[in-house]
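Residues per chain, in single letters:
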Amino acid sequence: MIEKILSALKKSGVESYQITETKQEKAELYFIRKSLDMQRMGDIRQAEVVVYKEFLEGDMRMMGSAAVQVQDSYTEEKMEELFRDALYAAGFVKNKYYELYAGKKDAQEETPEENYCPTDKTLADKSLTEIAQSFAEALFAEDQETDVFLNSAEIFVLKTTYHIINSKGVDVSYCKSRVQGEFVVQCTDGQDVETYQHFAYVNCDTNPLRSKVRETLRITRDRAKAVSAPPAGEYRIILSGPYVRDIFDYYVERSAASMIYRKYSTYQIGCNVQGGTAKKDHVNLTLKATVPYSAEGIPMKDRDLIHDGELLMIHGNNRFAYYLNLEPTGNYESYKVPAGNVTLDEMRQGTYLEVVNFSDFQMDSLSGHFGGEIRLAYLCDGEKRIPVTGGSINGNILEAQKSMVFSSQIQTEESFEGPLAVCMEKILVAGSVI
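My aim in this report is to walk through the structure given alongside it, one point at a time. (Residues numbered from 1 in each chain as written. Predicted model: local features only at pLDDT ≥ 70, side-chain atom pairs only at ≥ 80, totals over all residues. Heavy atoms only, no water.)

### Topic: unusual backbone geometry
Thinking step 1. Positive phi values are uncommon outside glycine, yet Asn325 reaches one of about 60°.
Thinking step 2. With a phi close to 55°, Lys426 is a non-glycine residue in the positive phi region.
Thinking step 3. Mapped onto the elements, Lys426 comes out in strand 19 (residues 421-430). (Helix = DSSP H or I, 4+ residues; strand = E, 2+ residues; numbered from the N terminus.)

Here is the structure:
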């Protein structure tokens, strides 16, 4: 396929390009309750070809680009037509000029295995069927009740081989395996309610999935019992589960080269991302390389991003690193935050509102505002802890980061390893009026 694409590019007059060929094997399981409703296997081979065009806009040097999706079944003639159209379209994309990332063949020699963390090795050693079966068993291991249960689930096991080539000499390949899926828990005791969950992992450890199912069963039962919203006011808030990553996403996004170049972020190397105002836990964050190369063929490795609140580097793809005259790091999809020193039980001392499920939680990386509508939370007055639903929280990380505390318990997903919970003070809650 690569040879046919290269030939078509040459005949189309394309000089600058990147080809990303993917070969994907997949196994899919679909469940209704505990019964396997459908099973599918697949094998897909395709490529994305990005065509680049250098041109002048007045006196300004530009670099335009256009992407084409190519199927293995396409003839070389069809590819030629697609690439000519893409080259024409690229002339209307007026990005400031930048050079493509330059590499050379066998770049793996420059990227030793120890420079990144290939966490999918145990997945790669097993067949798709074996992996799917083990995660299916873990998924339903905790489903033992009649009033609260998994009413549907999907499991996908993917093994993908990537081959990245560009006109500047990049020619690298690697394989990545992952498990992902979703499930819905339903409770019919009291209100009839459902809770949706997504999961994704890159190793064979099924314990995190079992814990996620167990916790979702518990909170769905509590959601069925919750009938009132918390009183409006200012609270010490505890967030747990996926919302913890949403909080840390703010720092990762603000330190991206694309944000800094566009002046959406004022971060600079050496600045304190918490403004030097943190009274409790400081942010520490490491970008994790879960693949050996980025989407542009840039060698990846683990990189310390923030240490005790201080920004150590700016990260990003080749284009924006070129604009800022920085080393291109590639775009990271995973990161790690160390656990704190306070247990979740210690966080739950005194009065608090612990939100465990939102209908839609959002963190705005431009303004720092975060919030969402509460589906389930626990309101504690210092003695009683009761489930509540409704209302919403509204805060700003620029203020909340002064009092953040991280739990000593951790959570592990494909793209995040870090504290299970984060506690913040003086967060506004819109709720019931007494």
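### As for the packing of aromatic side chains
Note on aromatic pairs: each is described by the distance of the centres and the angle between the planes.
Thinking step 1. Throughout the structure, instances matching the rule amount to 21 aromatic pairs.
Thinking step 2. A ring pair is formed by Tyr250 and Tyr251, whose centres lie 5.3 Å apart and whose planes are at 85°; its orientation type is edge-to-face. Across the pair, Tyr251 and Tyr250 agree in class, each one buried.
Thinking step 3. Ring pairing ties together the aromatic residues Tyr98, Tyr261, Phe320 and Tyr323, which thus form one cluster.
Thinking step 4. Positioned over the ring face of Tyr323 is Lys96, at 5.5 Å from the centre of the ring.
Thinking step 5. Sitting over the ring of Tyr378, Arg385 keeps its end group 4.0 Å from the ring centre. (Phe/Tyr/Trp six-rings, centres within 6.5 Å; stacked < 30°, edge-to-face > 60°. Buried < 20%, exposed > 50% of the residue type's maximum accessible area, 1.4 Å probe, protein only. Lys NZ or Arg CZ within 6 Å of the ring centre and 35° of its normal.)

### Observations regarding the packing of helix 1 (residues 2-11) against helix 2 (residues 76-90)
Thinking step 1. Two elements in contact, helix 1 and helix 2, have axes whose closest approach is 8 Å; the angle formed by their N-to-C orientations is 50°. The pairing of helix 1 with helix 2 is recorded here as oblique in orientation. The crossing of helix 1 and helix 2 is right-handed. Across from Lys4, Ile5, Ser7, Ala8, Leu9 and Lys11 in helix 1, the residues of helix 2 making contact are Glu76, Met79, Glu80, Phe83 and Arg84.
Thinking step 2. Taken together, the residues of the contact of helix 1 with helix 2 break down into five nonpolar, one polar and five charged. (Axes fitted to C-alpha atoms, helices over the stretch in contact; angles between N-to-C directions. Parallel < 35°, antiparallel > 145°, perpendicular 65-115°, else oblique. Left-handed = near helix turned anticlockwise from the far one by under 90°. Contact = heavy atoms within 4.5 Å. Nonpolar A, V, L, I, M, F, W, Y, C, P; charged D, E, K, R; others polar.)

### Quick look at the pairing of strand 7 (residues 233-240)
Thinking step 1. Counting buried positions over the eight residues of strand 7 gives six, a clear majority of the element.
Thinking step 2. Pairing of strand 7 with strand 19, which is carried by seven bridges, proceeds in the antiparallel orientation. Residue Leu239 lies in a different strand from strand 19, and its bridge partner there is Val422.
Thinking step 3. The pairing of strand 7 with strand 12 (residues 351-363) spans three bridges and is classified as parallel. When the bridges of strand 12 are listed, Ile238 appears paired with Glu354. (Pairing = 2+ DSSP bridges.)

### Focus: the pattern of salt bridges
Thinking step 1. What the rule picks out here adds up to 23 salt bridges.
Thinking step 2. Between Glu413 and Lys212 there is a salt bridge, with the nearest N and O atoms lying 3.0 Å from each other. Note that Glu413 is positioned in the loop between strand 17 (410-412) and strand 18 (416-419) and Lys212 in helix 5 (residues 207-225), a separation of 201 residues in sequence.
Thinking step 3. On the accessibility criterion, Lys212 (15% relative accessible area) is buried.
Thinking step 4. Residue Lys336 is joined to Glu417 by a salt bridge in which the shortest nitrogen-to-oxygen separation is 3.9 Å. One end of the pair, Lys336, is in strand 11 (residues 334-336); the other, Glu417, is in strand 18, and 81 residues separate them in sequence.
Thinking step 5. Given the relative accessible area of 28%, Glu417 is considered partly exposed. (Salt bridge = Lys/Arg side-chain N within 4 Å of Asp/Glu carboxyl O.)

### Some remarks on the packing of helix 4 (residues 128-141) against helix 5
Thinking step 1. It is at 8 Å that the axes of helix 4 and helix 5 come closest, and there the two elements cross at 30°. Taken together, the axes of helix 4 and helix 5 lie roughly parallel to each other. Seen along the crossing, helix 4 lies across helix 5 with a hand that is right-handed. In contact with Phe135, Ala138, Leu139 and Ala141 of helix 4, helix 5 contributes Leu209, Arg210 and Val213.
Thinking step 2. The residue inventory of the contact of helix 4 with helix 5, partitioned by class, reads six nonpolar, no polar and one charged.

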